[in-house]
Amino acid sequence: MASARDIRGASPYVAIENEPAPKLIVDPPLPEGLVQGVYWAQYRVENLHIVPVFGEGGRQVSPRAGHLHIIVDDLPWWWADASNNNTVDIVNLPPGQHKVRIELVDPNHTIFPGQVVTQTFIIPDYNSAAAHQRNLHARSTSLE
């Protein structure tokens, strides 16, 4: 049987010597969201706790702490996600091709080496699909 440490990781009461490098794993966006103009991508991290701890002092904690930076379509701004809710959620994306970049960063906003995931995906024309469904429903209702 797996121990609590095996599943949850190290205790926060004891500093970890030679912590292994953090790792970011991001699943492809959920198709159920894309057809609604929503990007939902589940993620998990290894060897790091995602928490709202920022600044130089946060770099000294053990187990290691950090958060995510999320950038949409190469815009010049990003947001920090320290919620650890396991899914990045971006709504109201217009139809067409989009790109989301997710970075695993330390409390000082420095990217951990190699811990960036970029996903390119297509949002279908969900507005016309919804209008088409409404028209079909209206026609079938008027035929009754």
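Quick summary incoming for the structure in this document.

Rules used throughout
- Every chain begins its residue count from 1, and numbering advances along the sequence as written.
- Two thresholds apply to this predicted model, a pLDDT of at least 70 for residue-level local features and 80 or more for giving and counting side-chain atom pairs, whereas whole-chain, interface and lining totals are computed over all residues.
- To obtain the side-chain values, all non-hydrogen atoms of the structure were included, while hydrogens and water were left out.
- Each helix is a run of DSSP H or I of at least 4 residues and each strand a run of E of at least 2, with the numbering of both proceeding from the N terminus.
- Should any heavy atoms of two residues lie within 4.5 Å, those residues are counted as being in contact.
- With residues, only the protein chains shown are counted as cover, and all accessible areas are computed by Shrake-Rupley using a 1.4 Å probe.
- A pair of Phe, Tyr and Trp rings is counted when the ring centres sit within 6.5 Å of each other, with Trp represented by its six-membered ring. The angle between the planes then sorts it: under 30 degrees is stacked, over 60 is edge-to-face, the rest tilted.
- Note on classification: 1.4 Å probe, protein chains only; a residue is buried when its accessible area is under 20% of the maximum for its type, exposed when over 50%, partly exposed between these limits.
- Paired strands are those between which DSSP finds at least two bridges.
- Only C-alpha atoms enter the line fits that serve as axes; for helices the fit covers just the stretch in contact. Angles between N-to-C directions range over 0 to 180 degrees.

Considering the overall build of the protein chain
Looking only at helices and strands, the protein chain has three helices and eight strands in total. Each helix and strand of the protein chain, ordered N terminal to C terminal, gives the series α-β-α-β-β-β-β-β-β-β-α. Looking at the protein chain alone, contacts between residues at least 24 apart form 62% of all its contacts between residues at least 6 apart. Accessible area of the protein chain: about 9,200 Å², with a carbon and sulfur share of 55%.

Observations concerning unusual backbone geometry
Look at the link from S62 to P63: it is a cis peptide, with omega at 0 degrees. Within the secondary structure, P63 sits in the loop between β3 (49-50) and β4 (65-72).

So, the packing of aromatic side chains
Summed over the entire model, instances satisfying the criterion amount to two aromatic pairs. Aromatic side chains W77 and W79 sit 6.4 Å apart centroid to centroid with 35 degrees between the ring planes, which places their arrangement in the tilted category. Taking relative accessible area as the criterion, W77 reaches 48% and is therefore assigned partly exposed. W79 sits in the partly exposed class, given a relative accessible area of 28%.

Looking at the sheet that holds strand β2 (residues 39-46)
Across the sheet, which stays open at both edges, the three strands sit in the order β1-β2-β6 with antiparallel pairing between neighbours. Looking at which strands have only one partner, the edges of the open sheet turn out to be β1 (23-26) and β6 (87-90). Between one strand and the next, the sheet's axes are offset by a mean angle of 30 degrees, whatever the strand orientation. Note: β1 against β2, four bridges, orientation antiparallel. For L24, the partnering residue across the bridge sits in β2 and is V45.

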